[in-house]
Amino acid sequence: MIHEFLGRTPQYNDSVFIAGNAEIIGDVTLGNESSVWFNVTIRGDVNYIKIGDRSNVQDNVCIHVMNQTGPTNIGNEVTIGHGAVVHGCTINDRVLVGINATILDKAVIESDVIVAAGTLVPPGKTLESGYLYMGSPATKARKLSLEEIASIKKYASNYVKYSRAYQGKDQYDQNPFYTK
């Protein structure tokens, strides 16, 4: 469902996939070929939320803002894993936010970062480009390999394919996403 709030309506074009039971509210902008999956809430009511091109927000994610002082900015080719909470922060390009991770107010995640599943990024923390972070609070675990950095773009590309299939824009004779 798309909801206007205080005269602001979510903005997106027809390249964007939005699952029928996702809730997108207020001052939200979704970039080209981005996708918002089942049971997601993106609530841009007391500040704005911008999500870049080819980014995907997976099932049961909650994205919100800080009243007047903390918008949420999400870059291009970002994957936000199932059940994550993203609140009043900045996530730059090519970031993988793992399942059930939490990113809190005024945190900044630089480009080319993986945030492990279940990680808590505390308020105001900056995660440096090129590393895997994990734990509660998030700590630098190790440098990412070139293959891992490339995989972040691959995840984003996969979700563009999935969303096109859900939109009926790509037809397949059989399910191309798994083998028996």
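Residues numbered from 1 in each chain as written. Predicted model: local features only at pLDDT ≥ 70, side-chain atom pairs only at ≥ 80, totals over all residues. Heavy atoms only, no water.

Caption draft 1: A look at the sheet that holds strand β4 (residues 35-36). What the 8 strands build is an open sheet, ordered β2-β4-β6-β9-β12-β15-β18-β19; its pairing is mixed. Where the open sheet ends on each side, the last strands, each with one partner, are β2 (17-18) and β19 (139-143). Judged from the 2 bridges that link them, β2 and β4 form a sheet pairing that is parallel. Considered in β4, the bridge of F17 is made with S35. (Pairing = 2+ DSSP bridges. Helix = DSSP H or I, 4+ residues; strand = E, 2+ residues; numbered from the N terminus.)

Caption draft 2: Representation of the pattern of salt bridges within the structure. Counted according to the given criterion, the structure contains 8 salt bridges. For K153, the salt bridge identified is with E77, shortest N-O distance 3.9 Å. Separated by 76 residues along the polypeptide, K153 in helix α1 (residues 146-166) and E77 in the loop between β8 (72-74) and β9 (79-80) bring together distant segments of the chain. Here K153 falls in the partly exposed class, since its relative accessible area comes to 40%. For D112, the salt bridge is made with R94, and the minimal N-O distance between the two is 2.8 Å. Here D112, found in the loop between β14 (108-109) and β15 (113-115), pairs with R94, found in the loop between β11 (90-91) and β12 (95-97); they are 18 residues apart in sequence, far enough to count as distant. A residue is classified by how much of its surface remains accessible, and R94, at 24% relative accessible area, is partly exposed. Residues joined in a network through salt bridges with shared partners are E33, R54, E77 and K153. (Salt bridge = Lys/Arg side-chain N within 4 Å of Asp/Glu carboxyl O. Buried < 20%, exposed > 50% of the residue type's maximum accessible area, 1.4 Å probe, protein only.)

Caption draft 3: How the structure looks around unusual backbone geometry. Following S136, the chain continues to P137 via a peptide bond in cis, the omega torsion being 5°. Residues other than glycine seldom take positive phi values, yet Q68 does so here, at roughly 65°. Positive phi, close to 60°, is recorded for D112, a residue that is not glycine. According to the relative accessible area criterion, D112 is buried, its value standing at 14%.

Caption draft 4: Summary view of the pairing of strand β18 (residues 131-134). With 2 bridges joining them, β15 and β18 adopt parallel strand pairing. In the sheet register, I114 faces β18, and the bridge partner there is L132. In the sheet, β18 pairs with β19 via 4 bridges, with the strands oriented antiparallel. Looking at β19, one finds that Y131 is bridged to K143. Between β18 and β19, which pair antiparallel one after the other, the connecting turn spans 4 residues, and G135 there sits at a positive phi close to 105°.

Caption draft 5: Representation of the packing of aromatic side chains. All chains considered together, the criterion is met by 7 aromatic pairs. An angle of 50° between the planes, with centres 4.6 Å apart, marks the rings of F17 and W37 as tilted. Pair noted here: F17 is in strand β2 and W37 is in the loop between β4 and β5 (41-51), with a separation of 20 residues, a long-range link. You can call W37 buried: its relative accessible area is 4%. Every member of this aromatic cluster is reached through a ring pair, and the members are F17, W37, F38, Y159, Y162 and Y166. A cation sits over an aromatic face here: K50 above Y48, 5.2 Å from the ring centre. Above the face of the Y131 ring, K143 is positioned so that its terminal group lies 5.1 Å from the ring centre. (Phe/Tyr/Trp six-rings, centres within 6.5 Å; stacked < 30°, edge-to-face > 60°. Lys NZ or Arg CZ within 6 Å of the ring centre and 35° of its normal.)

Caption draft 6: Spotlight on α1. For α1, with 21 residues, the first-to-last C-alpha span of 31 Å sits near the 30 Å given by 1.5 Å per residue. In the core, the buried residues of α1 are packed alongside β2, β4, β6 (56-57), β9, β12 and β15. Positioned one or two residues after α1, G168 has a phi angle of 75°, which is positive. (Expected span 1.5 Å × (residues − 1). Contact = heavy atoms within 4.5 Å.)

Caption draft 7: Representation of empty space enclosed by the protein in the model. Within this structure, the stated rule accounts for 1 cavity of 30 Å³ or more. The volume enclosed by the largest cavity comes to roughly 30 Å³. Taken together, S15, E33, V160, S163, R164, Q167 and K169 make up the lining of the largest cavity. (1 Å grid on protein atoms, 1.4 Å probe; cavity = no way out; pocket = protein on both sides within 12 Å on 5 of 7 lines; lining within 4 Å. Points joined across faces, edges and corners; volume = space filled by probe spheres on them.)

Keep in mind these values describe shape, not function.
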